[in-house]
Amino acid sequence: AKFIFLYRNPLAAYYSYSRYGRSWYNTFPNKPVFTPTEFGRHWKILMEGYLRDGKKLDALMMRYEDLVTGQSSLDAVESYLSVNIKRSVLNEKVGSSEHNKNKVHVSRLEKWLLRRAVSPVAQTLGYKW
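About the criteria used
- Residues numbered from 1 in each chain as written.
- Predicted model: local features only at pLDDT ≥ 70, side-chain atom pairs only at ≥ 80, totals over all residues.
- Heavy atoms only, no water.
- Helix = DSSP H or I, 4+ residues; strand = E, 2+ residues; numbered from the N terminus.
- Buried < 20%, exposed > 50% of the residue type's maximum accessible area, 1.4 Å probe, protein only.
- Contact = heavy atoms within 4.5 Å.
- Areas by Shrake-Rupley, 256 points an atom, 1.4 Å probe, with all protein chains shown as cover.
- Lys, Arg positive; Asp, Glu negative; His and termini not counted.
- Charge placed at Lys NZ, Arg CZ, Asp CG, Glu CD.
- Patch = residues over 30% accessible without salt bridge, like charges linked within 9 Å, V, L, I, M, F, W, Y side chains within 5 Å.
- Salt bridge = Lys/Arg side-chain N within 4 Å of Asp/Glu carboxyl O.
- Pairing = 2+ DSSP bridges.
- Expected span 1.5 Å × (residues − 1).
- Axes fitted to C-alpha atoms, helices over the stretch in contact; angles between N-to-C directions.
- Parallel < 35°, antiparallel > 145°, perpendicular 65-115°, else oblique.
- Left-handed = near helix turned anticlockwise from the far one by under 90°.
- Nonpolar A, V, L, I, M, F, W, Y, C, P; charged D, E, K, R; others polar.

Colleague: Looking at this structure, how should I read the overall build of the protein?
Modeller: Per the secondary structure count, the protein includes six helices and six strands. Seen in sequence order, the protein has helices and strands lined up from the N terminus as β-α-β-β-α-β-α-α-β-β-α-α. When its C-alpha atoms are laid out on the principal axes, the protein stretches across 45 × 35 × 30 Å. When each of the 129 residues of the protein is scored for burial, the buried share is 33%. Across the protein, the fraction of contacts at a sequence separation of at least 24, relative to all contacts at a separation of at least 6, is 64%. In the form shown here, the protein has an accessible surface area of approximately 8,700 Å², with 54% of it arising from carbon and sulfur atoms. If the 21 positive side-chain charges of the protein are averaged to one point and the 11 negative ones to another, these points end up 6 Å apart.

Written as structure tokens, this is what we have:
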């Protein structure tokens with residue numbers, strides 16, 4: 001098996017999550033993820049696992065932002081998986097954090113709580129806001 005560990009800017013991921021009402025469960029009904037802090041903790045746990053175990057699994061670590069914007073990222077995926085990727089699929093947008101052409105509102109407090117929950121892992125991965 002081959003693994004691609006795809007990860008995303010925690011703030012962008014939180015915007016996307018917020019679009020759908022901020023009511024998600026890690027495990028229903030015992031582990032709700034209703035706050036920026038819980039969302040950030042979940043993101044951080046996943047990223048710590050990626051960083052800890054990625055090399056052991058010979059996984060390809062890739063930022064979502066690089067995948068959707070960069071030719072070299074697609075080249076890396078093709079090489080890693082020994083496949084050819086149809087580049088035109090990147091022109092098809094499935095969803096976004098925009099709703100009715102307006103971005104979802106995330107307060108300064110939510111951003112602060114999220115940043116605190118994902119630190120220092122987010123900074124290690126190059127995410128700053």
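Colleague: Can you walk me through the environment of alanine 76 in this structure?
Modeller: Topologically, alanine 76 is positioned in helix 4 (residues 71-81). With 14 residues separating them along the chain, alanine 76 and methionine 62 place their C-alpha atoms 9.2 Å apart. Ignoring anything within four residues of it in the chain, the contact list for alanine 76 reads Leu60 and Met62.

Colleague: Looking at this structure, I do not really get a nonpolar patch on the surface. What am I missing?
Modeller: Nonpolar side chains collect at one region of the surface, where Ile4, Leu6, Tyr64, Val68, Leu81, Val83, Val89 and Leu90 lie side by side and expose about 570 Å² of accessible area between them. Position of valine 68 relative to the elements: it lies in helix 3 (residues 64-69). Relative accessible area serves as the criterion here: at 36%, valine 68 is assigned to the partly exposed category.

Colleague: Teacher, can you tell me more about the pairing of strand 2 (residues 24-27) here?
Modeller: Where a strand is regular, its side chains alternate between the two sheet faces. Pairing geometry for strand 2 and strand 3 (residues 31-33), over three bridges, is antiparallel. When the sheet's bridge partners are listed, tyrosine 25 is paired in strand 3 with proline 32. Hairpin connection from strand 2 to strand 3: three residues lie between these consecutive antiparallel strands.

Colleague: Would you mind going over helix 2 (residues 36-53) with me for this structure?
Modeller: The α-helix winds at 3.6 residues per turn, so residues separated by three or four positions along the chain end up facing the same way. Helix length check: helix 2, at 18 residues, gives a terminal C-alpha distance of 26 Å against a target of 26 Å (1.5 Å per residue), a fit within 8%. Where helix 2 is concerned, the buried positions are Pro36, Thr37, Phe39, Gly40, Trp43, Met47, Gly49 and Tyr50. Next to the buried residues of helix 2 lie strand 1 (4-7), helix 1 (10-19), strand 3, strand 4 (60-63), helix 5 (108-118) and helix 6 (121-124).

Colleague: Which parts of the structure should I look at to understand the packing of helix 1 against helix 5?
Modeller: To describe two helices that pack against each other, one gives the angle between their axes and the distance between the axes. Here helix 1 crosses helix 5 at 130 degrees, and the two axes come no closer than 10 Å. Relative to helix 5, the element helix 1 is oriented oblique. Like other packed secondary-structure pairs, helix 1 and helix 5 cross with a definite hand, here right-handed. Contact with helix 1, carried on its side by Pro10, Leu11, Tyr14 and Tyr15, involves Glu110, Lys111, Leu114 and Val118 of helix 5 and no other residues of that element. Class assignment for the residues of the contact of helix 1 with helix 5 results in six nonpolar, no polar and two charged.

Colleague: Honestly, the pattern of salt bridges in this entry has me stumped. Any pointers?
Modeller: Charged atoms that come close allow side chains of opposite charge to pair. Within the structure shown, the criterion is met by seven salt bridges. Across the salt bridge formed by aspartate 53 and arginine 52, the nearest N and O atoms sit 3.2 Å from each other. Two residues, glutamate 78 and arginine 87, come together in a salt bridge whose shortest N-O distance is 2.7 Å. Bridged by salt links that share partners, the residues Arg52, Asp53 and Lys56 form one connected network.

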